Amino acid sequence: MRYVCRICGYTYDPEAGDPSQGIAPGTAFADLPEAWVCPVCGADRSLFQPESAPEATEEGPGGRVVIVGNGVAGFTVAWELVKRRRGLEIHIAAEERYHYYARPQLPRFLAGELGIEDLLFYEPSWYEAQGIRVWLRDPVVRVDREGRQAELRSGQILSYDWLVIASGSRPATPPIVGRELSGVFTLRTIDDALAIRESALDAQQAVVVGGGLLGLEAGKGLLSLGLSVTVVEVNDHLLPRQLDREGGEVLQRLLEQQGMRFVLGNSVARLVGMDRVREVHLENGQRLRADLVLISAGIRPEIELARDAGLTCDRGVIVDDYLRTSDARIYACGDVAQHRGRIYGIIPPALDQAQVVAANILGEKVEYHGSIPTASLKVAGIDLTSVGDVLAEGPGVEHIRLMQPEEGRYRKLVLREGKAVGAIAIGFRDQVPRLLQIVAEQADLRSIRRELENPDFDFAS
Ligand code: FE
C-alpha cells in the first residue's frame, strides 16, 4: 500500500523505497524506521495517510455535510468522514477549478519542477468512488442558517445537517502604492503560479516583499526560473516567526550561497512603473529595479461568508473547543478559524482541527486544545525546522544554542522550567524527528541538562 504525505503530497511507494534515507526497495510503510521523515517536506510518519481511504466500518444515522473549501482543512474533514462512516452525504464546494492539491508545493510548481498532475492528490474518479460530491468553481456564496441551506454561486441550493467552513485565507496585501501595476503578484493558487510563470518569461529582476516561509520558497522558485531575486523583509532577520536572529543569519547565508539577495529591516514605500512595474522604492530611499514583484505578507482569513451569515467573527471565525462556530450546526477549521484568539495559518494545525471537526460531526465530542506550530522550509539543499515556542523569553526560560554558521548549521532548544517548549534545527535533519517529539511531549530534560550543552550532543541517538 502506498502512503501519501498529508503536508506536501509526496507518495511513499514500497516498491521504490526511499534511497535518500537508505530505505531499500520492498520496505513496507509500516516497517519504516521511526526516524524516517518525508523526503520532500520533513513531515514525520504520523502525517502520512494511506493513498486510498480504507473502507468505512461504522454505520450511522446518515445526514448531509456541506464543506466550504477544498484546501487541506476541508479535504481532510471529508477524508476523515468517508474513512469512518458509511451513509453520510458529503459535498465540497470550492472556489478554484482544481481538485485538492498540495499548496506547499506551489513554489516548486512555479519553478517548473512539478506539473499540475504532481500537485493533485487524487483523480476526480477517486472522489466519485468515495461518494464525495465536489463542486469546483462553484463556491458557497450564501448561508441560510434558519433553513440550513447553502447556496452555491451557480444557484444550486444544498441543504445541510452540518456545515463546515474551511474557506481558508487569501494573501494579505498591504496598501502599497502601485500594487495594481502589471507584474505584481501574490502566490496562493495554481492559477497565481501560472500567471507568475508567464510574467517571468520576460522578466529579469524579481523583488519578493516578505521574508517569511512562502516568500523565501517562492523566491527560490523565481531564482530557479533564472531571475535575479531580492527579498525585502521589514524585520531585521528572516523567518521572524520561526527563527531568532542567530538562526535567521545562518539561513540568510545559506540562501545567499544559492544566489538570493536580501534587504532587511526595511519596507516598501511604493512600486513604480508606467504600466508594468519597473522599480521598487524602499522607505529608506533605496531603489531596486524590478520587473516582477511578489508580495508575500501573510494571510487574511476568508471570513466574508461567515460574517454575512451572522456568525461571530474577529480576524477569523470564532470557534469554541469543539471547533463550533456561534451556530452549533456550523464548524470552522483551518486558516479561517480563530481558536482561543489564535489563527495558525499553517498546515499541521489545520489537519488537527479537521480531525476534531470530523469526530464531532460523528458525535464524539472531541475537544481541540491548540497545536504546537511546526514549520519547515522547503528549499532544496536547506534543512530547516522550527517547532513550538522558539522565541520564548522571561524567567525560567533557557535557550541552549549550538552555532556552526560556517557549516550552515544551527540548533537551538528552548526550555521553560526545564521542559522542552521549542526547537530550531538548521542542518540537523537526522535529529528533527526526535526534536519534534520532545517538544510535542514538553519533555522534562533537567536530568540531562548538562549534556545538552555538549556540542556533540545528538538528539537522534
Ligand atoms: Fe511531505
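Preceding block: the structure.
Computed from a prediction, not measured in an experiment: that's the story for all the values here.

Quick notes on the rules
- In every chain, residue numbers begin from 1 and rise along the written sequence.
- The model is predicted, so local features are restricted to residues of pLDDT at least 70 and side-chain atom pairs to those at 80 or more, both for listing and for counting; the totals for chains, interfaces and linings are taken over all residues.
- The side-chain quantities take in all heavy atoms of the structure and omit both hydrogens and water.
- Salt bridges are counted wherever a side-chain nitrogen of Lys or Arg sits within 4 Å of a carboxyl oxygen of Asp or Glu.
- Under the DSSP-based scheme used, a helix requires at least four consecutive residues in state H or I and a strand at least two consecutive residues in state E, with every element numbered from the N terminus.
- Each residue is placed in one exposure class: buried if its accessible area under a 1.4 Å probe, protein chains only, is under 20% of its type's maximum, exposed if it is over 50%, and partly exposed if it falls in between.
- Pairs of strands are assigned from DSSP output, requiring at least two bridges between the strands.
- Between N-to-C directions, angles span 0 to 180 degrees; the directions come from axes that are lines fitted to C-alpha atoms, helices contributing only their stretch in contact.
- Distance and chemistry together define a polar contact, namely a pair of N or O atoms within 3.5 Å, with one atom able to donate a hydrogen and the other to accept it when in protein, and with adjacent residues in sequence counting only for side-chain atoms on both sides.
- In this analysis, two residues are considered to be in contact whenever any of their non-hydrogen atoms come within 4.5 Å of each other.
- Crossover handedness is defined here as right-handed if the route from the first strand over the helix to the second strand goes clockwise, with the strands pointing away from the viewer.
- Only a pair of cysteine sulfur atoms within 2.5 Å qualifies as a disulfide here.

Digging into the pattern of salt bridges
Then comes step 1: Tallied over the entire structure, the rule returns 30 salt bridges.
Then comes step 2: Notably, a salt bridge pairs Arg-97 with Asp-191, separated by 2.8 Å at the nearest N-O pair. With Arg-97 in the loop between β5 (88–93) and α2 (106–110) and Asp-191 in helix α5 (residues 190–200), this pair connects stretches of sequence that are 94 residues apart.
Then comes step 3: Residue class for Arg-97 comes out partly exposed when judged on its relative accessible area of 40%.

Let's talk about the sheet that holds strand β17 (residues 277–282)
Then comes step 1: Ordered by their spatial adjacency, 3 strands build an open sheet running β16-β17-β18, and the pairing between neighbours is antiparallel. On the outer flanks of this sheet lie β16 (268–273) and β18 (287–289), each paired with one strand and no other. With strand direction ignored, the average angle separating the axes of adjacent strands in the sheet is 25°.
Then comes step 2: Of the strand pairs in this sheet, β17 and β18 are connected by 3 bridges, and their pairing is antiparallel. Paired with Val-280 across the strands is Leu-288, a residue of β18.

Overview of the pairing of strand β10 (residues 162–165)
On a regular strand, each side chain points to the face opposite its neighbour's, so the side chains alternate between the two faces of the sheet.
Then comes step 1: Neither face of β10 is open: one carries Trp-162 and Val-164, the other Leu-163 and Ile-165, and all of them are buried.
Then comes step 2: Note that strand β4 (residues 63–68) and β10 share 4 bridges and pair parallel. Bridge assignment links Ile-67 to a residue of β10, and that residue is Val-164.
Then comes step 3: Pairing analysis gives 3 bridges linking β10 to strand β22 (residues 330–332), with the strands arranged parallel. Bridged to Ile-165 within β22 is Ala-332.

Details of the side chain of Thr-27
Then comes step 1: Position of Thr-27 relative to the elements: it lies in the loop between β2 (11–12) and β3 (48–50).
Then comes step 2: On the basis of relative accessible area, Thr-27 is assigned to the buried category, the value being 17%.
Then comes step 3: From its side chain, Thr-27 meets the backbone oxygen of Ala-24 in a polar contact 2.6 Å long.
Then comes step 4: In this view, Thr-27 contacts Tyr-12, Pro-14 and Leu-32; residues no more than four positions away in its chain are not counted.

Observations regarding the pairing of strand β15 (residues 261–264)
Then comes step 1: Sheet topology note: the strand β14 (residues 228–233)/β15 ladder contains 4 bridges and is parallel. Opposite Glu-233, over in β15, you have Leu-264 as the bridge partner.
Then comes step 2: A crossover links β14 with its parallel partner β15, the connecting element being helix α7 (residues 245–257), and its sense is right-handed.

A short note on the state of the cysteines
Disulfide: a covalent bond formed between the sulfur atoms of two cysteine residues.
Then comes step 1: Taken as a whole, this structure holds 0 disulfides when the rule is applied.
Then comes step 2: Among the cysteines around Cys-333, which has no disulfide bond, Cys-313 carries the closest sulfur, lying 14 Å off.
Then comes step 3: For Cys-333, a relative accessible area of 0% translates into the label buried.

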